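Residue strings, one per chain:
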Amino acid sequence: EIGRRLSQLCGGPFFQRLFTRFTTPEEIFGPLSLRALENDEYIRCIDGFLPTATVAFLDEIFKANSAILNTLLTILNERKFDNGGTRVACPLKCVIGASNELPDSEELDALLDRFLL
């Protein structure tokens with residue numbers, strides 16, 4: 001609920017997703033463009049997904065897999081998303097991450113460092 005209210009205050013799109021170990025990059029960053037693939041380009045349709053959100057709520061964020069983590073770190077750190085050969089600016093102002101457990105593996109330490117506790 002707090003994420004939705006922040007989004008209304010910021011005046012931009014809100015993105016919310018529950019992570020599991022089976023969550024795919026398409027669920028977070030958008031599906032691949034089939035038209036672009038026909039032209040040998042690897043471009044995602046990002047409208048309505050994390051790269052275009054102003055406020056995001058990422059539940060059980062430490063369950064994200066490595067296919068998502070690297071891109072997520074770039075979005076959190078630089079507010080940029082690599083979409084094909086283009087680096088797109090993300091309007092992200094606030095990300096709320098929730099988890100019932102702290103990470104126990106070193107590969108998640110970089111993600112944990114991006115959040116205030």
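The preceding data block contains the structure.
Let me sum up the structure you'll find in this document. (Residues numbered from 1 in each chain as written. Predicted model: local features only at pLDDT ≥ 70, side-chain atom pairs only at ≥ 80, totals over all residues. Heavy atoms only, no water.)

## So, unusual backbone geometry
The phi dihedral of Glu60 is positive, around 55°, even though this residue is not glycine. Summarising the element assignment, Glu60 is placed in the loop between strand E2 (55-59) and helix H4 (66-78). Judged by relative accessible area, which is 9%, Glu60 ranks as buried. Despite not being glycine, Arg79 shows a phi value in the positive range, around 60°. With respect to the helices and strands, the residue Arg79 is situated in the loop between H4 and strand E3 (80-83). (Helix = DSSP H or I, 4+ residues; strand = E, 2+ residues; numbered from the N terminus. Buried < 20%, exposed > 50% of the residue type's maximum accessible area, 1.4 Å probe, protein only.)

## What about the nonpolar core?
One finds Phe15, Leu50, Leu58, Leu72 and Leu111 to be the most contacted residues of the largest nonpolar core, which totals 27 residues. When contributions to this core are tallied by element, the ones reaching two or more residues are helix H2 (25-29), E2, H4 and helix H5 (109-112). Counting residues per element, this core draws most heavily on H4, at six residues. For Leu58, the residues in contact, after removing those within four places along its chain, are Phe15, Arg17, Phe19, Leu72, Val95, Ile96, Gly97 and Ala98. (Core = buried A, V, L, I, M, F, W, Y, C linked by side-chain atoms within 4.5 Å. Contact = heavy atoms within 4.5 Å.)

## Re a nonpolar patch on the surface
A cluster of nonpolar side chains, Leu34, Leu37 and Tyr42, forms an exposed patch at the surface whose accessible area comes to about 330 Å². Here Leu37 is to be found in helix H3 (residues 34-38). (Patch = residues over 30% accessible without salt bridge, like charges linked within 9 Å, V, L, I, M, F, W, Y side chains within 5 Å. Areas by Shrake-Rupley, 256 points an atom, 1.4 Å probe, with all protein chains shown as cover. Salt bridge = Lys/Arg side-chain N within 4 Å of Asp/Glu carboxyl O.)

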